[in-house]
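# Coordinates in review
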Amino acid sequence: VQLQASGGGLVQPGGSLRLSCIASGSIFSINGMAWYRQAPGKQRELVAGITIGGRTGYPDSVKGRFTISRDNAKNTVYLQMNSLKPEDTAVYYCNALLPITTLRYWGQGTEVTVSS
């Protein structure tokens, strides 16, 4: 199983980052995909999801600022994050678009820090 996220870093409030995640074909080809994040001391949460057909969904906290996309030929899912806020600081993970409690393998994630 491969879930390799990258693209995180330190960015100032209002800035942008683009995250990428390469997933195993066994996960990518049969599932919707999603980005999740876990901030220090908080539970992991869903921040963006995309179905196999390309339908997307976001929680209110990131709607209008984050955009998820997928390249089926590359088994890769992306997260474009704009207008970043300090509360977006977290480790970001990609995984299948399934209930969090059912996901057993997470990969390393990529850390995003929004700070001036």
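The text that follows walks through the structure, step by step, so that each part is easy to find. (Residues numbered from 1 in each chain as written. Predicted model: local features only at pLDDT ≥ 70, side-chain atom pairs only at ≥ 80, totals over all residues. Heavy atoms only, no water.)

## Notes on unusual backbone geometry
Under the convention used in this document: In this text, helices come from DSSP runs of H or I with a minimum length of four residues, and strands from runs of E with a minimum of two, each type numbered from the N-terminal end. When accessible area is computed with a 1.4 Å probe and restricted to protein chains, residues below 20% of their type maximum are described as buried, those above 50% as exposed, and intermediate ones as partly exposed.
In this structure, asparagine 75 takes a positive phi of about 50° despite not being glycine. Assignment of secondary structure puts asparagine 75 in the loop between strand S7 (66–71) and strand S8 (76–81). For asparagine 75, a relative accessible area of 22% corresponds to the partly exposed category.

## Some points on the sheet that holds strand S3 (residues 17–23)
The line we're drawing: When DSSP locates at least two bridges between a pair of strands, those strands are taken to pair. All axes are obtained by fitting lines to C-alpha atoms, using only the stretch in contact for helices, and the reported angles, taken between N-to-C directions, cover 0 to 180 degrees.
Overall, antiparallel pairing links the 4 strands, which are arranged S1-S3-S8-S7 in an open sheet. Each of the sheet's edge strands pairs with one partner strand only, and the pair in question is strand S1 (3–6) and S7. Neighbour to neighbour, the strand axes of the sheet diverge by 15° on average, direction disregarded. Sheet analysis places S3 next to S8, joined by 6 bridges and oriented antiparallel. Bridge pairing in S8 links leucine 17 to methionine 81.

## Looking at the environment of glutamine 43
Heads up, the condition is: Only heavy atoms matter for contacts: two residues are in contact if any of them lie within 4.5 Å across the pair.
Position of glutamine 43 among the secondary structure elements: in the loop between strand S4 (33–38) and strand S5 (45–50). Excluding anything up to four places from it in sequence, glutamine 43 contacts Arg37 and Gln38.

## Overview of the packing of aromatic side chains
For clarity, the threshold we go by: Two aromatic rings from Phe, Tyr or Trp, using only the six-membered ring of Trp, form a pair when their centres are within 6.5 Å; if the ring planes differ by under 30 degrees the pair is stacked, by over 60 it is edge-to-face, and anything between is tilted.
Taken as a whole, this structure holds 2 aromatic pairs when the rule is applied. Judged by centre distance (5.1 Å) and plane angle (90°), the rings of tyrosine 36 and tryptophan 106 are edge-to-face. In this pair, tyrosine 36 sits in strand S4 while tryptophan 106 sits in the loop between strand S9 (90–96) and strand S10 (110–114), placing the two residues 70 residues apart along the sequence. The exposure class assigned to tyrosine 36 is buried, which follows from its relative accessible area of 1%. Measuring from centroid to centroid gives 5.8 Å for tyrosine 93 and tryptophan 106, while their planes differ by 75°, and the two rings are edge-to-face. Taken together, the residues tyrosine 93 in strand S9 and tryptophan 106 in the loop between S9 and S10 connect sequence positions 13 residues apart. Here tyrosine 93 matches tryptophan 106 in class, with each residue buried.

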